[in-house]
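Structural description and commentary
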Amino acid sequence: MGRDPILDQARILLGRIKARRSEKSLLLTGLRGVGKTVLLIEIERLARAAGYRTLSIEAHESAQLGPLLAPHLRTLLYELNRVAGAGDKVRRGLAVLRSFISGLKVTIGDVSYGLDIEPAEGTADSGNLATDLPYLFVAVAEAAEERKSAVALLIDEIQYFDEKELGALIMAMHRVQQRQLPLVLLGAGLPILPGLAGDSKSYAERLFSFPDVGALSESESAKALREPAQAAGVSIRENALKEIYQLTRGYPYFLQEWDTRSGIIAMPALSRWRMSRRPPLQ
């Protein structure tokens, strides 16, 4: 799928969630090097322009979901708490976060430092992520709603979460969407992600859209090369653009190999560059 339709889909999603209307969250899928992370960054820019508060997280093999989320949510809630006239929902969000951290018994540096607030006893403190995360997401979303704001949670490499963590994340988003609260998930992962989500929770396909991020078309590839070159005062011949597309197959990682800032691309240079490498499969 081209990038513009995905960005249009993201704009619609952000608009509907902010208007308290139901819409599926987005989980981008694709091979490594196709530009999923770049798209997430652009979607984050769109979210901020639309008045969202954004949390950007990158999952990895050695990280657990709870400890990854907690510092970002603490920062968000403190920002909301500093807004003039912050009310009970913001303070409750901080209390629920304190309970969540205590329940997980996590140590993230000094993540609990500054949470000088009594925990919300009996809420999000069971230590079971699938039970606690929905309560935490609802509390955070209600705090944002009270401040007439909205939250966009962006998670890259989401396939690294294990089945329990992914299931808890899906359950939390289900609870938020049921209440039409202003919190949206925008993620990215490998092509296995839809299967992982479906295996974790069978209703995942009702909550998420899985746009496929693939190779660029010839016109998109030409645009991706031509516009940065023009900004640097460089022109690229049409026959060079066509050969680059034939050699790279529109794969964004390989398109980046071309340094269009050094001058007009020479055809002999193209002939020396061969597709002996193939796009990584994972």
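Everything below is about the structure printed above this text.
Conventions used here
Residues numbered from 1 in each chain as written. Predicted model: local features only at pLDDT ≥ 70, side-chain atom pairs only at ≥ 80, totals over all residues. Heavy atoms only, no water. Helix = DSSP H or I, 4+ residues; strand = E, 2+ residues; numbered from the N terminus. Buried < 20%, exposed > 50% of the residue type's maximum accessible area, 1.4 Å probe, protein only. Contact = heavy atoms within 4.5 Å. Pairing = 2+ DSSP bridges. Salt bridge = Lys/Arg side-chain N within 4 Å of Asp/Glu carboxyl O. Expected span 1.5 Å × (residues − 1). Arc of directions from axis to C-beta. Core = buried A, V, L, I, M, F, W, Y, C linked by side-chain atoms within 4.5 Å. Polar contact = N/O pair within 3.5 Å; in protein donor to acceptor, adjacent residues only side chain to side chain.

For the protein, the helix and strand inventory stands at twelve helices and five strands. For the protein, with 282 residues in total, the buried portion stands at 48%. Sequence separation of at least 24 residues holds for 77% of the intrachain contacts in the protein that already meet a minimum separation of 6.

This part covers the sheet that holds strand 3 (residues 150-156). Here five strands make up an open sheet; going across it, the order is 2-3-4-1-5 and the pairing parallel. In the strand order of this sheet, the two ends are held by strand 2 (52-58) and strand 5 (208-209), each with one partner. Inspection of the sheet shows strand 1 (residues 25-29) paired to strand 5 by two bridges, in the parallel sense. For serine 25, the partnering residue across the bridge sits in strand 5 and is phenylalanine 208.

This brings us to the pattern of salt bridges. Here the structure, examined in full by the defined rule, presents nine salt bridges. Taking the shortest distance from any N to any O, the salt bridge between glutamate 42 and arginine 45 comes out at 2.7 Å. Of this pair, glutamate 42 and arginine 45 both sit in helix 2 (residues 36-49), separated by three residues, roughly a single helical turn. Judged by its relative accessible area of 46%, arginine 45 is partly exposed.

Our next topic: the side chain of threonine 29. With respect to the secondary-structure elements, threonine 29 resides in strand 1. You can call threonine 29 buried: its relative accessible area is 4%.

The next point concerns helix 9 (residues 218-231). Taking 1.5 Å of rise per residue, the 14 residues of helix 9 would be expected to cover 20 Å, and the 20 Å separating its terminal C-alpha atoms lies within 8% of that figure. Among the residues making up helix 9, those that are buried are Ser221, Ala222, Leu225 and Ala229. Projected down its long axis, helix 9 shows its buried positions confined to an angular sector of 95°, all on one face. Opposite its buried face, helix 9 presents the exposed residues Ser219, Gln230 and Ala231, each directed more than 90 degrees away. On its buried face, helix 9 is in contact with helix 10 (238-248) and helix 11 (252-255). Where helix 9 terminates, the next one or two residues include glycine 233, which has phi positive at roughly 75°.

Here the focus is the nonpolar core. Among the nonpolar cores identified, the biggest contains 53 residues, and Leu133 and Phe137 are the most heavily contacted of them. When residues in this core are grouped by element, the largest group, ten residues, is from helix 5 (residues 129-146). Leaving out residues up to four positions away in the same chain, leucine 133 has contacts with Leu65, Leu69, Phe100, Ala168, Leu169 and Ala172. Formed by 24 residues, the second largest nonpolar core is a distinct cluster that contains Ile17, Leu26, Ala47 and Tyr251.

Time to look at helix 6 (residues 163-178). Over its 16 residues, helix 6 extends 22 Å from the first C-alpha to the last, a length consistent with the 22 Å expected when each residue adds 1.5 Å. Along helix 6, the residues that are buried comprise Glu165, Leu166, Gly167, Ala168, Leu169, Ile170, Ala172, Met173, Val176 and Gln177. For helix 6, the side-chain oxygen to backbone nitrogen distance between the N-cap and lysine 164 is 3.1 Å, and the N-cap itself is aspartate 162. Note on helix 6: the residue one or two positions beyond its end, glutamine 180, has a positive phi of about 50°.

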